[in-house]
Amino acid sequence: MSETSSIKERSETPEISKWDLERLYDDESKWKKDMDRVGSEKANILDFKGRLKEPREIADLIRLTDNISRRLEKAFTYAHLRHDEDLRITKYQEFHDIAMNHMVKLEMETSFIIPEILQLSDEELNSLLEADELQFAKVPLKDIIRKKEHFLSEREEMLLAMADDALETPGKVFKMLNDADLTFPSIKDADGNEVELSHGRYFSFMISEDRDVRKRAFKAMYSVYEKHKNTFAALLEGELKKRMFRAKARNYPSAIGSSLDNDEISLEVYDSLIEAVRSHLPSMHDYIDIRRSVLEIDQVHMYDVYAPLVKDFDRKISYEEAWDIILEALTPLGDEIGAILRDARENRWIDVYENRGKRSGAYSSGCYDSVPYILMNFEGKVNDVFTLAHEIGHSVHTYLANKNQPHITADYRIFVAEVASTVNENLLLHHLSKVWTSREERAYLINHHLDSFKGTVFRQTMFAEFEQLISSMVEDYQPLTAEGLSEAYGKLNRDHFGPGTYLDDEIKLEWSRIPHFYYNFYVYKYATGFSAATAISNSIISGKIDLEAYTNMLKAGGSKPPIDLLRDVGVDLSTPKPVDDGLKLFDSLVDDLSGLL
Ligand SMILES: [Zn+2]
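Every value quoted in this text rests on a predicted model; they were computed, and no experiment measured them.

Definitions and limits used
- Residues numbered from 1 in each chain as written.
- Predicted model: local features only at pLDDT ≥ 70, side-chain atom pairs only at ≥ 80, totals over all residues.
- Heavy atoms only, no water.
- Helix = DSSP H or I, 4+ residues; strand = E, 2+ residues; numbered from the N terminus.
- Rg over C-alpha atoms; globule rule 2.2 N^0.38 Å.
- Buried < 20%, exposed > 50% of the residue type's maximum accessible area, 1.4 Å probe, protein only.
- Contact = heavy atoms within 4.5 Å.
- Areas by Shrake-Rupley, 256 points an atom, 1.4 Å probe, with all protein chains shown as cover.
- Donors = N, O, S within 2.8 Å, 3.2 Å for Na, K, Ca; no water.
- Tetrahedral: all angles 85-135°; square planar, octahedral: opposite > 155°, others 65-115°.
- Pairing = 2+ DSSP bridges.
- Expected span 1.5 Å × (residues − 1).
- Salt bridge = Lys/Arg side-chain N within 4 Å of Asp/Glu carboxyl O.
- Polar contact = N/O pair within 3.5 Å; in protein donor to acceptor, adjacent residues only side chain to side chain.
- Axes fitted to C-alpha atoms, helices over the stretch in contact; angles between N-to-C directions.
- Parallel < 35°, antiparallel > 145°, perpendicular 65-115°, else oblique.
- Left-handed = near helix turned anticlockwise from the far one by under 90°.
- Nonpolar A, V, L, I, M, F, W, Y, C, P; charged D, E, K, R; others polar.
- Core = buried A, V, L, I, M, F, W, Y, C linked by side-chain atoms within 4.5 Å.
- Domains from an automatic or database assignment.
- pLDDT = per-residue confidence, 0-100.
- Phe/Tyr/Trp six-rings, centres within 6.5 Å; stacked < 30°, edge-to-face > 60°.

Asks: I'd like a rundown of the overall build of the protein, residues and numbers included.
Replies: Helices and strands together make up the secondary structure of the protein, namely 26 helices and 7 strands. Computed over C-alpha atoms, the radius of gyration of the protein comes to 25 Å, within 12% of the 25 Å expected from 2.2 N^0.38 for 597 residues, which places it in the range of a compact globule. Considering only C-alpha atoms, the protein reaches an extent of 75 × 60 × 50 Å along its principal axes. In the protein, which comprises 597 residues, the share counted as buried stands at 53%. Restricting the contact set of the protein to residue pairs at least 6 apart, pairs at least 24 apart contribute 76%. Of the roughly 27500 Å² that the protein leaves accessible, carbon and sulfur atoms contribute 49%.

Put into structure tokens, the structure is as follows:
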């Protein structure tokens, strides 16, 4: 890597393109003081034990714990943002660990609260919701009462909490094995150099234009998983049994039911998603056919599905130009959001450029007492403009929720977390498609859009279907063997990619290397979020949506169940329609690309 020599030290980067974390703590002794304060405030929590009957007492305790979490989140945010500036500096890892320790202890020390409140009669519980003192905490209280039958006695809750650590073992072992202990063989790269495979390099090889390199990486990668497939199957089975245990212990019929109930999502939403995506698989198969002809190959193998269809075109866009483009693209979002975007640009919310030791990738992160910062590694590629538009969507959402909600209801759910970011990307695509009109530019944009659909809607829904299937196998007490998992996974891939692909045996083992299968019915939310965003951005572009409704949805944060938030902007995910409409766009994009290439 000869490039590393040109990467600057952080101290060489001008202040203006670094985030301003002094707005969080202008002096680190204040960070330490905050931690001391958390320690002394926490000591007061146990005084409330056995006294949670009157609204006043309950309100005082909720306020106390809410203030502690708020302070901890601030300390935590500072530690992790500072740490990501230069991962070689261990100081902030220690800061991070101190805050984390407090967080874990807080969780244990507050574990009596819910069981104690739920000992009250239904009548008493309902009167809590009406009490003036408790109006600020109505949303979380309502949620606790809603799930009353799923909370257990104090002793049982403690037993579950005691088992928690041990139950995390399958997930931990998976991570250790997959990220640390597995060793991968070396393969010859496109220049003939021997390079050791890794997870990160695997993906770069999959998008290589050299088919032999892709094939070598693919075969080498799965040779490793083949050797450990029984261990991976046992780990995945352990993970699913953990979920089953937790769900049944809490009186849920199934693990999926328990996970969805947390977000107040019905099983219909999950099933509708799978149904809608399945009905559009013929377009995916057409897309595979375009791949076959553009790549000029007889058959699309599983190592051909990520190969680039459109060559990266050489266009350098400066950071300032990127902002100009984004501001123009997002004008349909109105003045209120426009002002937030300008604030972010001008007032150092963003850590723009790479420096030595800085965390790779991009994210938006902050807390109630900070602006929603953005970490980037901006290089001036077209893709960086999309990344900035995406992350700024998260930040605008967080900013509006924080400004308009009390701390206790500001956090929004994962289910709606990708909506604002994806709406931004779609508006950017729409804007660019009006100004970039050459054949090459159009092909790039369409392909970019198709890739998002492919990775977010199709692939994640295939994962979701697999997760549902293997979860029900475990709940029916069927053994999960490596062979059984691979057979089921192979079948799904066959449906997904269609008869035009050559289903290499290796792909049947892909289930063994996907960390998301340890995330408890998480992947489907990527697909529903993307679909909702597609519906919303289409209404914004066509002027059908009342902008205020969209802004209000963002402002609502976590104060309403996510499905209601989306219904307020005209997206009803309990029917297949929004996903179906989004996929119709995929269908037409496939046709456009086919015409262009
Ligand atoms: Zn995102």
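Asks: Break down the coordination of the zinc ion for me, citing the residues and quoting the values.
Replies: At the metal site, the zinc ion is ligated by His 390 (NE2), His 394 (NE2), Glu 418 (OE) and Glu 418 (OE), and these contacts range over 2.1 to 2.6 Å. The coordination sphere of the zinc ion comprises 4 donor atoms, whose angles at the metal cover 52 to 140 degrees; the geometry is irregular. Here the donor residues for the zinc ion map to a single chain with the spacing H-x3-H-x23-E. With a gap of 4 residues between them, His 390 and His 394 both fall in helix α17 (residues 382-404), about one helical turn apart.

Asks: Which residues make up the sheet that holds strand β4 (residues 350-351), and what are the values?
Replies: The 3 strands are arranged β4-β6-β5 in an open sheet whose pairing can be described as mixed. Looking along the sheet, the strands with just one partner apiece sit at the ends: β4 and β5 (363-365).

Asks: An account of the environment of Leu 160 is needed here, citing residue identities and associated values.
Replies: Of note, Leu 160 is situated in helix α7 (residues 154-167). Its relative accessible area of 12% is what places Leu 160 among the buried residues. Linking Leu 160 and Ile 536, residues 376 residues apart in sequence, is a C-alpha distance of 41 Å. Discounting residues that sit within four places of it in the chain, Leu 160 has contacts with Leu 152, Phe 245, Ala 249 and Arg 250.

Asks: Which residues make up helix α2 (residues 55-85), and what values go with them?
Replies: The end-to-end C-alpha distance of α2, which contains 31 residues, comes to 45 Å, matching closely the 45 Å that a straight helix rising 1.5 Å per residue would cover. In terms of burial, α2 is largely enclosed, as 24 of its 31 residues are buried.

Asks: Quick one: what's the story with the pattern of salt bridges, residue by residue and with numbers?
Replies: All chains considered together, the criterion is met by 59 salt bridges. Residue Lys 584 is joined to Asp 581 by a salt bridge in which the shortest nitrogen-to-oxygen separation is 3.8 Å. Here the residue Lys 584 and the residue Asp 581 both occupy positions in helix α26 (residues 577-596), the gap between them amounting to 3 residues, near one helical turn. Residue classification places Asp 581 among the partly exposed positions, given a relative accessible area of 31%.

Asks: Hey, could you go over unusual backbone geometry for me, with residue numbers and the actual values?
Replies: Non-glycine residue Glu 264 carries a positive phi angle of around 55 degrees. Tracing the backbone through its elements, the reader meets Glu 264 in the loop between α12 (255-262) and α13 (267-279). Even without a glycine there, the phi angle at Arg 348 is positive, about 60 degrees. The residue Arg 348 is located in the loop between α16 (335-346) and β4 in this model.

Asks: Give me the side chain of His 150: which residues, what numbers.
Replies: Within the element layout of this structure, His 150 appears in the loop between α6 (138-146) and α7. On the basis of relative accessibility, which here comes to 10%, the residue His 150 falls in the buried class. At 2.7 Å, the side chain of His 150 forms a polar contact with the backbone oxygen of Arg 250. Sequence-distant contacts of His 150, defined by excluding residues within four places in its chain, comprise Arg 250, Asn 251, Tyr 252 and Asp 261.

Asks: Describe the packing of α16 against α17, listing the residues and the values that go with them.
Replies: Between α16 and α17, whose axes approach to 10 Å, the crossing angle comes to 110 degrees. The angle between α16 and α17 places the two elements in the roughly perpendicular class. Both α16 and α17 take part in a crossing whose hand is right-handed. Of the residues in α17, those in contact with Glu 336, Ile 337, Ile 340, Leu 341, Asp 343 and Ala 344 of α16 are Ile 392, Val 396, Tyr 399 and Leu 400. Considered class by class, the residues forming the contact of α16 with α17 number 8 nonpolar, no polar and 2 charged.

Asks: Help me get a handle on the nonpolar core, residues and values and all.
Replies: One finds Trp 323, Trp 511, Ile 536, Tyr 550 and Leu 566 to be the most contacted residues of the largest nonpolar core, which totals 190 residues. By residue number, the principal contributor to this core is helix α21 (residues 439-475), which donates 15 residues. The residue makeup of this core includes at least three contributed by each of domain 1 (15-167) and domain 2 (268-314 + 382-597).

Asks: Break down the confidence of the model for the protein for me, citing the residues and quoting the values.
Replies: Per-residue pLDDT for the protein averages 94, and the proportion of residues at 70 or more is 99%. Note that residues 1-5 has pLDDT below 50 and, in this model, 2 contacts with residues that lie over four places away or in other chains.

Asks: Quick rundown of the environment of Asp 179? Include the residues and the values.
Replies: When you line up the elements, Asp 179 lands in helix α8 (residues 169-181). Owing to a relative accessible area of 49%, Asp 179 belongs among the partly exposed residues under this scheme. The spatial distance from the C-alpha of Asp 179 to the C-alpha of Arg 513 is 10.0 Å, given a sequence separation of 334 residues. Leave out the neighbours within four places in its chain, and Asp 179 touches Phe 174 and His 199.

Asks: Give a detailed account of the packing of aromatic side chains, specifying residues and quantitative values.
Replies: For the structure shown, the criterion picks out 29 aromatic pairs. Between Tyr 319 and Tyr 353, the ring centres sit 6.3 Å apart and the planes meet at 65 degrees, which makes this aromatic pair edge-to-face. Placement of Tyr 319 in helix α15 (residues 319-329) and of Tyr 353 in the loop between β4 and β5 is noted, with a sequence separation of 34 residues between them. On the basis of relative accessible area, Tyr 319 is assigned to the buried category, the value being 9%. Judged by relative accessible area, Tyr 353 falls into the partly exposed class, the value being 33%.

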